[in-house]
Amino acid sequence: MFLQIKEVTKRFEDQQEGSFEVFSGVDLKIEKNQFVSILGPSGCGKSTLLSMVAGLESITEGTIFLGDEKVTQPDTDRGMVFQQPALFPWLSVTDNVIFPLKGKLAKDERKKVAAKHLKMVHLTRFKDSYPHELSGGMQQRVAIARALAMDPKVLLMDEPFGALDEQTRHILHDELMKIFEETKKTILFVTHSIQEAIKLSDRVIVMGTRPGRIIADFSVDIERPRQRDDLRVIEMEKEIMSLLKVEINKVLKEELDHEAKHTY
Ligand SMILES: Nc1ncnc2c1ncn2[C@@H]1O[C@H](COP(=O)(O)OP(=O)(O)O)[C@@H](O)[C@H]1O
Ligand SMILES: [Mg+2]
């Protein structure tokens, strides 16, 4: 198995509330060149899980393997893209993309790698621009180019298109699909959009909460490009929606109960 999340538990130690378990015993096996999305109610631990795979967040219990290697810290074999592009404002687009390659490749090589990946996201024309000169969608493309430039085995994306307008989001969906086909990357993609998950993924994982865990694992056996009005897409959307509603209602109920207990 290519990426293996084995019996993984995450607990945070909180000063006021004591120990808080986000999820426990999460098991997930992902094949090479698979596009896997994770859906789940807000707060169920999607970002935490992705950060653990990235090596940015410690693993309380269990193990994560990438190939034969145990994940213990961040490395160039995993590239991460966040909702906010997090570019360095004082660096040009090219310099942002090659920043993580400093010390790994000679300067000429770095420029070549940047040019290749900026072409992939259609930003060649803006290679010398600065982040503030670009739209949100273009900035996010730079972040994607930067993550790909390290030639990671896995691309980790945490709601990467969540802050973009719908039109830009659709354009970036198409670009990401092309990149996925061309580079044969393995992609783990967190989103709160059921439609986005079904449109892009080979598999859609649904997480639940209270306690956090995986509650469903759908294979999307529908040829790409997928149309929103495809009956198979609509059916799957409905099924996932009803699963998620149960989970979201649990969170709402808990919040209401908490409020009732704390108002006098
Ligand atoms: N550093 C932290 N310390 C304590 N609790 C945290 C920390 N990071 C996240 N959490 C809590 O863990 C839970 C899961 O968060 P997160 O992974 O961001 O959820 P999601 O991405 O699914 O919305 C939330 O209840 C959140 O408040
Ligand atoms: Mg999140």
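Residues numbered from 1 in each chain as written. Chains lettered and ligands numbered in written order. Predicted model: local features only at pLDDT ≥ 70, side-chain atom pairs only at ≥ 80, totals over all residues. Heavy atoms only, no water.

### Topic: the sheet that holds strand β5 (residues 69-70)
Consideration 1: Strand order in the open sheet formed by four strands is β2-β1-β4-β5, and the pairing between neighbours is antiparallel. Since the sheet does not close on itself, it has two edges, and those belong to β2 (18-30) and β5, each with one partner.
Consideration 2: Relative to β5, strand β4 (residues 61-66) runs antiparallel, the two being bridged by two bridges. Counted as the bridge partner of Phe-65 is Lys-70 from β5.
Consideration 3: Across the sheet, helix α1 (residues 46-54) touches β1 (3-14), β2 and β4, and the angle it forms with β1 is around 115°. (Pairing = 2+ DSSP bridges. Helix = DSSP H or I, 4+ residues; strand = E, 2+ residues; numbered from the N terminus. Contact = heavy atoms within 4.5 Å. Axes fitted to C-alpha atoms, helices over the stretch in contact; angles between N-to-C directions.)

### Comments concerning the domain arrangement of the protein
Consideration 1: What the domain assignment reports for the protein is domain 1 (30-59 + 66-77 + 153-261) and domain 2 (86-151).
Consideration 2: Placing a centre on the C-alpha atoms of domain 1 and another on those of domain 2 gives a separation of 25 Å.
Consideration 3: Listed as interface residues are 15 residues of domain 1 and, on the opposing side, 13 residues of domain 2.
Consideration 4: Buried surface at the junction of domain 1 and domain 2, both sides included, amounts to about 1200 Å², of which 69% is carbon and sulfur.
Consideration 5: Together, Thr-76, Glu-175 and Ile-179 form the three largest contributors to the area buried by domain 1 at its contact with domain 2, with a combined 39%.
Consideration 6: The tally of links between domain 1 and domain 2 comes to two salt bridges.
Consideration 7: Among the ionic pairs, Asp-151 bridges to Lys-185, the shortest N-O distance being 2.6 Å.
Consideration 8: Where domain 1 meets domain 2, there are four residue pairs in polar contact (both at pLDDT 80 or more).
Consideration 9: Residue assignment for the side of domain 1 that touches domain 2 shows that the elements contributing at least two residues are β7 (154-158) and α5 (166-183).
Consideration 10: No other element matches the seven residues that α5 contributes to the side of domain 1 that touches domain 2. (Domains from an automatic or database assignment. Buried area = accessible area lost by both parts, 1.4 Å probe. Salt bridge = Lys/Arg side-chain N within 4 Å of Asp/Glu carboxyl O. Polar contact = N/O pair within 3.5 Å; in protein donor to acceptor, adjacent residues only side chain to side chain.)

### Things to note about the site of ligand 1
Consideration 1: Taken together, Phe-12, Phe-20, Val-22, Pro-41, Ser-42, Gly-43, Cys-44, Gly-45, Lys-46, Ser-47 and Thr-48 make up the full set of residues adjacent to ligand 1.
Consideration 2: Lys-46 is positioned with one of its backbone polar atoms (N or O) 2.9 Å from an oxygen atom of ligand 1.
Consideration 3: Residue Thr-48 places a side-chain N or O atom 2.5 Å away from an oxygen atom belonging to ligand 1.
Consideration 4: In isolation ligand 1 offers 570 Å² of accessible surface; the protein chains occlude 60% of this area. (Near = heavy atom within 4 Å. Areas by Shrake-Rupley, 256 points an atom, 1.4 Å probe, with all protein chains shown as cover.)

### What to know about the nonpolar core
Consideration 1: If you look at the biggest cluster of nonpolar residues, it comprises 34 residues, and the most contacted ones within it are Phe-35, Ile-144, Met-157, Leu-176, Ile-187 and Phe-189.
Consideration 2: Secondary-structure elements contributing two or more residues to this core are α2 (93-98), α3 (107-120), α4 (136-149), β7, α5 and β8 (186-190).
Consideration 3: Here the element with the most residues in this core is α4; it accounts for eight residues.
Consideration 4: Taken together, domain 1 (30-59 + 66-77 + 153-261) and domain 2 (86-151) each give at least three residues to this core, which thus spans both.
Consideration 5: The contact partners of Phe-189, leaving out residues within four places of it in the chain, are Phe-35, Val-36, Ser-37, Ile-38, Met-157, Pro-160, Phe-161, Leu-176, Glu-196 and Leu-200. (Core = buried A, V, L, I, M, F, W, Y, C linked by side-chain atoms within 4.5 Å. Buried < 20%, exposed > 50% of the residue type's maximum accessible area, 1.4 Å probe, protein only.)

### Here's the deal with the pattern of salt bridges
Consideration 1: Throughout the structure, instances matching the rule amount to 17 salt bridges.
Consideration 2: Between Arg-11 and Glu-61 there is a salt bridge, with its nearest N and O atoms 3.0 Å apart. Here the residue Arg-11 occupies a position in strand β1, and Glu-61 occupies one in strand β4, the gap between them amounting to 50 residues.
Consideration 3: Judged by relative accessible area, Glu-61 falls into the partly exposed class, the value being 38%.

### Quick word on the packing of aromatic side chains
Consideration 1: With the rule as written, the count across this model stands at five aromatic pairs.
Consideration 2: Taken together through their ring pairs, the aromatic side chains of Phe-35, Phe-161, Phe-180 and Phe-189 make up a single cluster. (Phe/Tyr/Trp six-rings, centres within 6.5 Å; stacked < 30°, edge-to-face > 60°.)

### Description of α1
Consideration 1: The buried fraction of α1 amounts to eight of the nine residues, a majority that puts the element mostly inside the structure.
Consideration 2: If you check which residues of α1 are buried, you get Lys-46, Thr-48, Leu-49, Leu-50, Ser-51, Met-52, Val-53 and Ala-54.
Consideration 3: Positive phi shows up at Gly-55, right after α1, with a value of about 90°.

### Examining unusual backbone geometry
Consideration 1: Between Arg-210 and Pro-211 the backbone carries a cis peptide bond, its omega angle lying at 0°.
Consideration 2: Among the structural elements, Pro-211 can be located in the loop between β9 (203-208) and β10 (213-219).
Consideration 3: In this structure, Pro-225 follows Arg-224 across a cis peptide bond, with omega equal to -5°.
Consideration 4: In this structure, Pro-225 sits in the loop between β10 and α7 (231-262).
Consideration 5: The backbone of His-122 sits at a positive phi, close to 60°, despite the residue not being glycine.
Consideration 6: Judged by its relative accessible area of 48%, His-122 falls in the partly exposed class.
Consideration 7: Of note, the phi angle at Glu-159 is positive, near 45°, even though the residue is not glycine.
Consideration 8: The exposure class assigned to Glu-159 is buried, which follows from its relative accessible area of 16%.

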